[in-house]
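Structural features, examined
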Amino acid sequence: MILGNTSVETSQEGVVFENCYNITVTGCRIDLMHTRGIKFERCMFAHVSDCTITNTERTGLAYCVAITAGSSYITINNCTFEDARHATTIGGSEGVCRYITISNCTASGMHDALFESNAMSDFVVWSGNSGTGQDWATDSEIDGIINQGGSCVVSNNVFHGVARTGILCQNMVAEGMRASDIQYSISGNTLSHVAGAATPSDGGSSISIQQGGLSRDAVEDPIGRDSMAIGGVTISGNNISDANDAGIYINGKAPFVDNVDSGNNGTNSIMKVISVTGNTIKNQFATEAYAGIRVLENADGVVKYGTIVGNVIEMDATTSGARCIELVGTPQGFAISANTTIKGDVAVHLNSAVDVSVTGNVFLETGSTGDYVNSTSATGTIVEANNLES
C-alpha cells in the first residue's frame, strides 16, 4: 500500500487506529503526511514492519509513528523513517503506554530526537536501530534516543552525528508510576561524533542518565514526590568515540516538578545500584573540562552504590581539567577497579566522594601534573594496587 499527499499544508494523518486489537501493518509507504504517518490510540497487540514513512512535517507534532493513549504491546520492526520531528514517539496522555519494542529501524533527517518516549511510557525496548543527525555542530536539538518514562532496554543501536545526546534516560515519573521500580539497561550500542552543539548543562554526552522529576499531576500521587529512586542502572559494552563532553554521564540532580510551583520540588532524589562495565570510550576532543565517565551528585540528590569496572577510556589529549573518571559532589559507595585510562589530566578525580575504592586499575600517559588519583577532599577512600605508567 502506498499513501501520498500533494502537500503537507492540510491537517492529515496517514493511518489511524483507535480502540483496535491484533493489528498488522506491513510493506506500506506513507509520504507527505501533515502530522503522523501511523497513529495508535488505545490499541493493543500491533505489529508494524517493513514500512517507509517520510516527510511528516508539522512543527511539534510530526511523527512517523505515534503510540499514544495507553496503547500497549506494540512492535515496530525493520522500518525506514525520514524527515520528521521523531521517527517514533511513545506516550502522550490518557494512560501509560507499556511493552513497546522498536527494533532494526533506520532514522534520518529528524528535527528532534530520532526515537522518543515521554513520561507516559514504561517497559520500552530499542534494539538494533540506527540513525544519523543533521548538522552536528549547530542543530542542538537532535538526540539519538530519549526515554523520559519508566524502565527501558537500549541495546545494539548505532548512532552517528547527533548533536546533543546519543542516549538519554531521564525519568519524568507519571501518575501511578514508582521511580523506585525503574531499571535502565544500556548495552552494546555504538555512538560516534556525539554532542557537537551541546554543553554539559544541555546533556551533551554520548550516554546520559538524569534524575528527572514528576510529570503532570504526579505531585499529588500518594507515591509522593520525595521517594524518587531509580532502582538500577546498567551501562555495559558500549563503544563510544569522538564524544564532545562526557562519554557516560550519571547525573543525580535534584528532581523537579513539571507544571507546578517550583516550591514543590522533591527533596529525596535517589539513584542507586549503578553498574558501568566494559565500555570503550575514545577520542574525546572538547576544549573545556570534560570526562570519560562522570558521576554527579547535586544538592538534594543522592547517588550511591556503584561499580565502574573494566572500562577502557582514552582521552584525546592531556588538556587541563580532562578527567578519565570523575565523581563530582558526594557520591557514595563506589568501587572503581580494573579500568584502563590513557592520557587525560587526571585519571580518577573523586572530589568529595564518600567510601570509594580505587583498585587494580592501569593508568597510562596521565598529564604533566602526574595526578593519577585526586582524592584530597574524599573521605573513606581506599587507593591501592593500581599500575601507574607515565
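Everything numeric here is computed off the predicted structure, so don't read it as measured data. (Residues numbered from 1 in each chain as written. Predicted model: local features only at pLDDT ≥ 70, side-chain atom pairs only at ≥ 80, totals over all residues. Heavy atoms only, no water.)

**Some remarks on the overall build of the protein**
Convention followed: Helix and strand definitions here come from DSSP, where helices need a minimum of 4 consecutive H or I residues and strands a minimum of 2 consecutive E residues; each element is numbered from the N-terminal end. Relative accessible area decides the class of each residue, using a 1.4 Å probe on protein chains only: under 20% of the type maximum gives buried, over 50% gives exposed, and in between gives partly exposed. Any two residues having at least one pair of non-hydrogen atoms within 4.5 Å are treated as being in contact. Per-residue and other accessible areas follow the Shrake-Rupley method at a 1.4 Å probe size, with only the shown protein chains counted as cover for residues.
When helices and strands are counted, the protein shows zero helices and 42 strands. Taken across its 390 residues, the protein has 53% of its residues classed as buried. The contacts in the protein between residues at least 6 apart in sequence include a share of 72% that link residues at least 24 apart. When the accessible surface of the protein is split by element, carbon and sulfur atoms take 46% of a total near 14,200 Å².

**Observations concerning the side chain of Ser208**
In this structure, Ser208 sits in strand E23 (residues 205–214). Residue Ser208 is classed as buried on the basis of its relative accessible area of 0%. The contacts of Ser208, once residues within four sequence positions are left out, are Thr165, Ile167, Leu168, Cys169 and Tyr249.

**Notes on unusual backbone geometry**
The backbone of Asp50 sits at a positive phi, close to 55 degrees, despite the residue not being glycine. One can find Asp50 in the loop between strand E6 (44–49) and strand E7 (52–54). Since its relative accessible area comes to 41%, Asp50 is described here as partly exposed.

**Thoughts on a nonpolar patch on the surface**
Definition in use: Residues with no salt bridge and a relative accessible area higher than 30% make up the patches, which join like charges within 9 Å and nonpolar side chains (Val, Leu, Ile, Met, Phe, Trp, Tyr) within 5 Å. When a carboxyl oxygen of Asp or Glu lies within 4 Å of a side-chain nitrogen of Lys or Arg, that pair is called a salt bridge.
Together, Tyr21, Phe45, Tyr73, Tyr99 and Phe123 line one region of the surface with nonpolar side chains, adding up to about 520 Å² of accessible area. Within the element layout of this structure, Tyr99 appears in strand E12 (residues 97–103). Residue classification places Tyr99 among the partly exposed residues on the basis of a relative accessible area of 38%.

**Overview of the environment of Ala385**
Following the sequence through the fold, Ala385 ends up in the loop between strand E41 (382–384) and strand E42 (387–389). For Ala385, a relative accessible area of 68% gives the class exposed. For the pair Ala385 and Asn361, spaced 24 residues apart in the sequence, the C-alpha separation amounts to 7.5 Å. Excluding residues that lie within four positions of it along the chain, Ala385 makes contacts with Gly360 and Asn361.

**Describing the packing of aromatic side chains**
The geometry of two aromatic rings is summed up by the distance between their centres and the angle between their planes. Put simply, the rule is: Pairing of aromatic side chains requires ring centres within 6.5 Å, counting the rings of Phe and Tyr and the six-membered ring of Trp. Pairs whose planes differ by under 30 degrees are stacked, by over 60 edge-to-face, and all others tilted. Should the NZ of a Lys or the CZ of an Arg lie within 6 Å of a ring centre and within 35 degrees of the ring normal, that charge is described as sitting over the ring.
Tallying each qualifying case throughout the model produces six aromatic pairs. For the ring pair Phe17 and Phe40, a centre distance of 5.3 Å and an interplane angle of 10 degrees mean the geometry is stacked. Note that Phe17 is positioned in strand E2 (residues 15–18) and Phe40 in strand E5 (residues 36–41), a separation of 23 residues in sequence. Judged by its relative accessible area of 17%, Phe17 is buried. Between Phe45 and Tyr73 the ring centres are 4.9 Å apart and the planes differ by 15 degrees, which places this aromatic pair in the stacked class. With Phe45 in strand E6 and Tyr73 in strand E9 (residues 72–77), this pair connects stretches of sequence that are 28 residues apart. On the accessibility criterion, Tyr73 (37% relative accessible area) is partly exposed. Cation over ring: Arg294 sits above Tyr249, and NZ or CZ is 5.2 Å from the ring centre.

**A look at the pattern of salt bridges**
Any two side chains of opposite charge can pair, given that their charged atoms come close. Taken as a whole and judged by the stated rule, the model has seven salt bridges. Arg85 is the salt-bridge partner of Asp112, the closest N and O atoms lying 3.2 Å from each other. Residue Asp112 is located in the loop between strand E13 (106–108) and strand E14 (115–117), and its partner Arg85 is located in the loop between strand E10 (80–82) and strand E11 (86–91); the two are separated by 27 residues in the primary sequence. Taking relative accessible area as the criterion, Asp112 reaches 12% and is therefore assigned buried. The exposure class of Arg85 is partly exposed, given its relative accessible area of 26%. For the salt bridge of Arg323 with Glu326, the shortest nitrogen-to-oxygen distance reads 2.5 Å. We classify Glu326 as buried; its relative accessible area is 6%. Several salt bridges share partner residues, and in doing so they unite Lys39, Glu41 and Arg42 into one network.

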